[in-house]
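# Examination of the molecular architecture
Now for the letters of each chain:
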Amino acid sequence: TQLLEQSPQFLSIQEGENLTVYCNSSSVFSSLQWYRQEPGEGPVLLVTVVTGGEVKKLKRLTFQFGDARKDSSLHITAAQPGDTGLYLCAGAMGSGYALNFGKGTSLLVTP
Amino acid sequence: KAGVTQTPRYLIKTRGQQVTLSCSPISGHRSVSWYQQTPGQGLQFLFEYFSETQRNKGNFPGRFSGRQFSNSRSEMNVSTLELGDSALYLCASSARTGVEREQFFGPGTRLTVL
């Protein structure tokens, strides 16, 4: 059972466009993380959000944690080809360290 | 600090064999978790070790096992390999402090079962 649902699954856009990726669940998470993964490599941590309603910015990337800590979004402004990759959200529940992952959003940014 | 290292990076085995994968966490991190990544199921949690003890276990058969050594290095073992075990096996290390639950992943071991 996938606790986290990501949408869209695939996204192909041109350089300079904006996009938003969603990560939704009916479960409450104590923290939620976003990773980017490139083919053949492990996921690289982008950000961790902990507080409901929290917004974090990382250059052109804006991450938001829902007020009820059940969902999150990732917004990319003026996407660049270097943003291409698989974006994964992952949540930790309670005091555990097992991360529940969404299936990911595969993003392709073409010049 | 050096990142998480995993060996080997690639492995080819045949059905019925067993395999051992190794993971060295970031220096100072005492928690190591293992995940299996497949195109159909995505990333799924296998188990977590902290201070040489298994703390959490995912929903995988008993053929999947692991252990952690006193230097925090971890190994996972898969016995009686099946075709469906072909996957990228990822190891993640954590300092296991704070509420963030941040985990840092290695590059993975690509296992192919023929």
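Every value quoted in this text rests on a predicted model; they were computed, and no experiment measured them. (Residues numbered from 1 in each chain as written. Chains lettered and ligands numbered in written order. Predicted model: local features only at pLDDT ≥ 70, side-chain atom pairs only at ≥ 80, totals over all residues. Heavy atoms only, no water.)

### Quick look at the overall build of chain B
Counting its secondary structure elements, chain B contains 0 helices and 11 strands. Starting at the N terminus, the α and β elements of chain B follow one another as β-β-β-β-β-β-β-β-β-β-β. Its C-alpha atoms give chain B a radius of gyration of 13 Å, within 12% of the compact-globule value 13 Å for 114 residues. Each of the three principal axes of chain B carries a C-alpha extent, and together these read 40 × 25 × 25 Å. By residue count, 49% of the 114 residues in chain B fall in the buried class. Considering only residue pairs separated by 6 or more positions, chain B has 54% of its internal contacts joining residues 24 or more positions apart. Accessible surface, chain B as shown: approximately 5300 Å² in total, 48% of it carbon and sulfur. Here chain B holds 13 positive side-chain charges and 7 negative ones, and the gap between their average locations is 4 Å. (Helix = DSSP H or I, 4+ residues; strand = E, 2+ residues; numbered from the N terminus. Rg over C-alpha atoms; globule rule 2.2 N^0.38 Å. Buried < 20%, exposed > 50% of the residue type's maximum accessible area, 1.4 Å probe, protein only. Contact = heavy atoms within 4.5 Å. Areas by Shrake-Rupley, 256 points an atom, 1.4 Å probe, with all protein chains shown as cover. Lys, Arg positive; Asp, Glu negative; His and termini not counted. Charge placed at Lys NZ, Arg CZ, Asp CG, Glu CD.)

### Observations concerning the layout of surface pockets
Quantified by volume, the largest pocket comes out at close to 480 Å³. Broken down by secondary-structure element, the contributors of at least two residues to the lining of the largest pocket are β9 (85-92) and β11 (105-110) of chain A together with β4 (31-38) of chain B. Across the lining of the largest pocket, the residue classes tally to 5 nonpolar, 11 polar and 4 charged. (1 Å grid on protein atoms, 1.4 Å probe; cavity = no way out; pocket = protein on both sides within 12 Å on 5 of 7 lines; lining within 4 Å. Points joined across faces, edges and corners; volume = space filled by probe spheres on them. Nonpolar A, V, L, I, M, F, W, Y, C, P; charged D, E, K, R; others polar.)

### Observations regarding the sheet that holds strand β8 (residues 74-78) of chain B
Residue and element names in this part refer to chain B. Ordered by their spatial adjacency, 4 strands build an open sheet running β1-β3-β8-β7, and the pairing between neighbours is antiparallel. Whereas interior strands pair on both sides, the edge strands pair on one side only; in this sheet they are β1 (5-7) and β7 (64-68). Shown here is a sheet whose adjacent strand axes are inclined to one another by a mean of 20 degrees, direction ignored. (Pairing = 2+ DSSP bridges. Axes fitted to C-alpha atoms, helices over the stretch in contact; angles between N-to-C directions.)

### Remarks on the state of the cysteines
Taken as a whole and assessed by the stated rule, the structure comprises 2 disulfides over all chains. Each sulfur in the disulfide pair C23 of chain A and C89 of chain A lies 2.0 Å from the other. Measuring handedness by torsion sign, the sulfur bridge of C23 of chain A and C89 of chain A sits at about 80 degrees and is right-handed. With a gap of 66 residues between them, C23 of chain A in strand β3 (residues 19-24) and C89 of chain A in strand β9 connect regions that are remote in the sequence. Among the residues examined, C23 of chain A registers a relative accessible area of 0% and is labelled buried. Covalently, C23 of chain B is tied to C91 of chain B through a disulfide, its sulfur atoms 1.7 Å apart. (Disulfide = S-S within 2.5 Å.)

### Some remarks on the environment of P111 of chain A
Residues and elements named next belong to chain A. Tracing the chain through its elements places P111 in the segment after β11. Taking the relative accessible area as the measure of exposure, P111 reaches 77% and is therefore exposed. Between the C-alpha atom of P111 and that of A79, which follows or precedes it by 32 residues, the distance is 9.7 Å. Apart from residues no more than four positions distant in its own chain, P111 is found in contact with E15 and P81.

### Observations concerning the interface of chain A and chain B
With 24 residues of chain A in contact, the opposing surface of chain B contributes 25 residues. Buried surface at the junction of chain A and chain B, both sides included, amounts to about 1900 Å², of which 54% is carbon and sulfur. Residue R9 of chain B pairs with E41 of chain A through a salt bridge whose shortest N-O separation is 3.8 Å. Taken together, the connections running from chain A to chain B amount to 6 residue pairs in polar contact (both at pLDDT 80 or more). Sorting the residues of the side of chain A that touches chain B by element identifies β4 (31-37), β5 (44-49), β9 and β10 (99-101) of chain A as the ones contributing at least two each. (Buried area = accessible area lost by both parts, 1.4 Å probe. Salt bridge = Lys/Arg side-chain N within 4 Å of Asp/Glu carboxyl O. Polar contact = N/O pair within 3.5 Å; in protein donor to acceptor, adjacent residues only side chain to side chain.)

### Quick look at the packing of aromatic side chains
Inspection of the entire model under this criterion finds 9 aromatic pairs over all chains. Residues F101 of chain A and Y35 of chain B carry aromatic rings whose centres are separated by 5.6 Å and whose planes lie at 85 degrees to one another, so their mutual orientation is edge-to-face. In this pair, F101 of chain A is assigned in strand β10 and Y35 of chain B in strand β4, connecting two distinct chains. One exposure class covers both F101 of chain A and Y35 of chain B, and it is buried. Between F101 of chain A and F105 of chain B the ring centres are 6.0 Å apart and the planes differ by 75 degrees, which places this aromatic pair in the edge-to-face class. With F101 of chain A in strand β10 and F105 of chain B in strand β10 (residues 104-105), this residue pair bridges two chains. Taken individually, F101 of chain A and F105 of chain B each receive the classification buried, so the pair is uniform in this respect. Three or more aromatic residues link up through ring pairs in this structure, and these residues are Y35 and F101 of chain A together with Y35, F45 and F105 of chain B. (Phe/Tyr/Trp six-rings, centres within 6.5 Å; stacked < 30°, edge-to-face > 60°.)

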